[in-house]
Amino acid sequence: MIPYGKQDITQADIEAVIEVLSSDFLTQGPRVPAFETAVVNYVGAQHGVAVNSATSALHIACLALGLGPGDKLWTSPITFVASANCALYCGAEVDFVDIDKTTLNMCPDALEKKLEAAEKEGCLPKVVVPVHMAGSSCNMEAIRKLADKYGFYILEDASHAIGAKYKSKPVGSCEYSDITVFSFHPVKIITTAEGGLAVTNSSEFAERMRLFRSHGVSRDPALMDKESEGAWYYQQVDLGMNYRMTEMQAALGLSQLERLDQFVGYRNQLANKYHNDLANLAALLPICGKDVYSSYHLYILQLEKGKLSRRQIFDLLREKGIGVNVHYIPVHVQPFYKQKGFSEGDFPQAESYYSQAISIPLFHGMTHDQQNFVIETLFETVGRR
Ligand SMILES: *Cc1c(COP(=O)(O)O)cnc(C)c1O
């Protein structure tokens, strides 16, 4: 089966991890801060906080932004559940903003309408989480304008988008947002096995995220309520978690980061070939927004309605050895969220997108033969427009 995504591990990656095992530190050593610095330098932000997953990064980012009971977080229904769950971890409430069916990202017009209505009812969100779906940046300029008008924080879920660009700048520069979060799960662009990282230009948010990453415990005299009792002394000044990244993960991340541009370049090459060769397929191909250089975490087709259902096409492709997948089931129709009062029909663009969506293989180790086989098999199964 040709998978839809797969990590790319070299001998250099393996040696970087092995080296850590015979060093002095398996955790809380020099490699985590080195990885943070390398990512921060790459994206052009000021501070980075590495953690054990993007889910953890979203959680501590929300805490740093002060999200809590009585507050609201809005995100896209077309995302992984973690983009919404982070609000609930903080005791806040979640709502969604429908997508634009061409970019698959949160629709700025839908966001504006929802904000107008929320302002009248006095229930504006504290945090909005735009998700750069498939690696293609949201319209951040439009969302920033709305944030300035309505006074909410912007937390970018860039789990798909390290190495991507918006208006020629790396996603993660935080030029339009307060905090940006990346994931290093093996299916994403670069991997640390499990891992995530939050970047920001605010030293205050960075300091708070560091505190929440490690039990809310600090050795910084400025945070203590009395003088230190000695070199061993620390104080717990808030309630944090243990979300730390290990030295092995950071070593792998550092090694992978060296190939990030190569990864994204090859992903774009594969995507361009799909754009060209699949132009006559009975499906809508991905369309990037204006000013966007995508990292192509995913290549998603929206099948035209035809003789065969999405389910039938999905099953046929899997039988023929194409490891297709579907990203994502709209979060608001998950039973857990339905229990909270959401239902089918709430976000029609997201639901109609989901009914026809299918992700086809795209990963760094994919060969030209494999891609040609995927293309042939798609024409055989989906047909021409
Ligand atoms: C993968 C993913 C996450 C969660 O990442 P983890 O590192 O697995 O916690 C969050 N949001 C989106 C959009 C993702 O794709």
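Residues numbered from 1 in each chain as written. Predicted model: local features only at pLDDT ≥ 70, side-chain atom pairs only at ≥ 80, totals over all residues. Heavy atoms only, no water.

Caption draft 1: Quick look at unusual backbone geometry. Geometrically, the link from His327 to Tyr328 is a cis peptide bond, its omega value of -5 degrees lying close to zero. Within the secondary structure, Tyr328 is located in the loop between α10 (310-319) and α11 (335-338). In this structure, Ala134 takes a positive phi of about 65 degrees despite not being glycine. Along the chain, Ala134 turns up in the loop between β4 (127-129) and α6 (140-150). In this structure, His215 takes a positive phi of about 70 degrees despite not being glycine. Relative to the helices and strands, His215 resides in the loop between α7 (203-213) and β10 (217-218). (Helix = DSSP H or I, 4+ residues; strand = E, 2+ residues; numbered from the N terminus.)

Caption draft 2: Layout of the site of the ligand. The environment of the ligand is made up of 15 residues, and the closest members are Thr55, Asp157, His160, Ser183 and Lys188. One nitrogen or oxygen atom from the side chain of Ser183 is found 2.8 Å from an oxygen atom belonging to the ligand. The separation between an oxygen atom of the ligand and a polar side-chain atom of Tyr328 is 3.1 Å. About the coverage of the ligand: the protein hides 93% of its 380 Å² of free accessible area. Along the lines of polarity and charge, the residues of the shell around the ligand split into five nonpolar, eight polar and two charged. (Near = heavy atom within 4 Å. Polar contact = N/O pair within 3.5 Å; in protein donor to acceptor, adjacent residues only side chain to side chain. Areas by Shrake-Rupley, 256 points an atom, 1.4 Å probe, with all protein chains shown as cover. Nonpolar A, V, L, I, M, F, W, Y, C, P; charged D, E, K, R; others polar.)

Caption draft 3: Main features of the pattern of salt bridges. One pass over the full model with this rule turns up 18 salt bridges. Of the charged contacts, one joins Asp291 and Lys290 as a salt bridge, the two residues approaching to 3.9 Å between their closest N and O atoms. The exposure class of Asp291 is partly exposed, given its relative accessible area of 35%. Residues joined in a network through salt bridges with shared partners are Glu141, Lys167, Lys290 and Asp291. (Salt bridge = Lys/Arg side-chain N within 4 Å of Asp/Glu carboxyl O. Buried < 20%, exposed > 50% of the residue type's maximum accessible area, 1.4 Å probe, protein only.)

Caption draft 4: Region of the structure containing the packing of aromatic side chains. Enumeration over the complete set of coordinates arrives at eleven aromatic pairs. Cluster of aromatic residues (ring-pair linked, three or more members): Phe96, Phe336, Tyr337, Phe342 and Phe347. Across the ring face of Tyr354, the terminal group of Arg310 is positioned such that the distance to the ring centre comes to 4.9 Å. Stacked on the ring of Phe379, the Lys or Arg Arg384 has its end atom at 4.3 Å from the ring centre. (Phe/Tyr/Trp six-rings, centres within 6.5 Å; stacked < 30°, edge-to-face > 60°. Lys NZ or Arg CZ within 6 Å of the ring centre and 35° of its normal.)

Caption draft 5: Structural detail: the sheet that holds strand β2 (residues 72-75). Spatially, seven strands are ordered β1-β9-β8-β5-β4-β2-β3 in an open sheet, and the strand pairing comes out mixed. Only two strands of the sheet have a single neighbouring strand rather than two, namely β1 (47-51) and β3 (93-96). Each neighbouring strand pair of the sheet contributes to a mean axis angle of 20 degrees, computed without reference to strand direction. Bridge count between β2 and β3: four bridges; the pairing is parallel. Each bridged residue has a counterpart across the sheet, and for Lys72 the counterpart in β3 is Glu93. (Pairing = 2+ DSSP bridges. Axes fitted to C-alpha atoms, helices over the stretch in contact; angles between N-to-C directions.)

Caption draft 6: Main features of the packing of helix α2 (residues 31-43) against helix α8 (residues 247-257). Closest axis-to-axis distance for the α2/α8 pair is 8 Å, and the angle between their directions is 30 degrees. Here α8 runs roughly parallel to α2, going by the angle between their axes. Both α2 and α8 take part in a crossing whose hand is left-handed. In this structure, α2 contributes Arg31, Val32, Ala34, Phe35, Ala38 and Val39 to the contact, and α8 contributes Glu247, Ala250, Ala251, Gly253, Leu254 and Leu257. The class makeup of the residues in the contact of α2 with α8 is nine nonpolar, one polar and two charged. (Parallel < 35°, antiparallel > 145°, perpendicular 65-115°, else oblique. Left-handed = near helix turned anticlockwise from the far one by under 90°. Contact = heavy atoms within 4.5 Å.)

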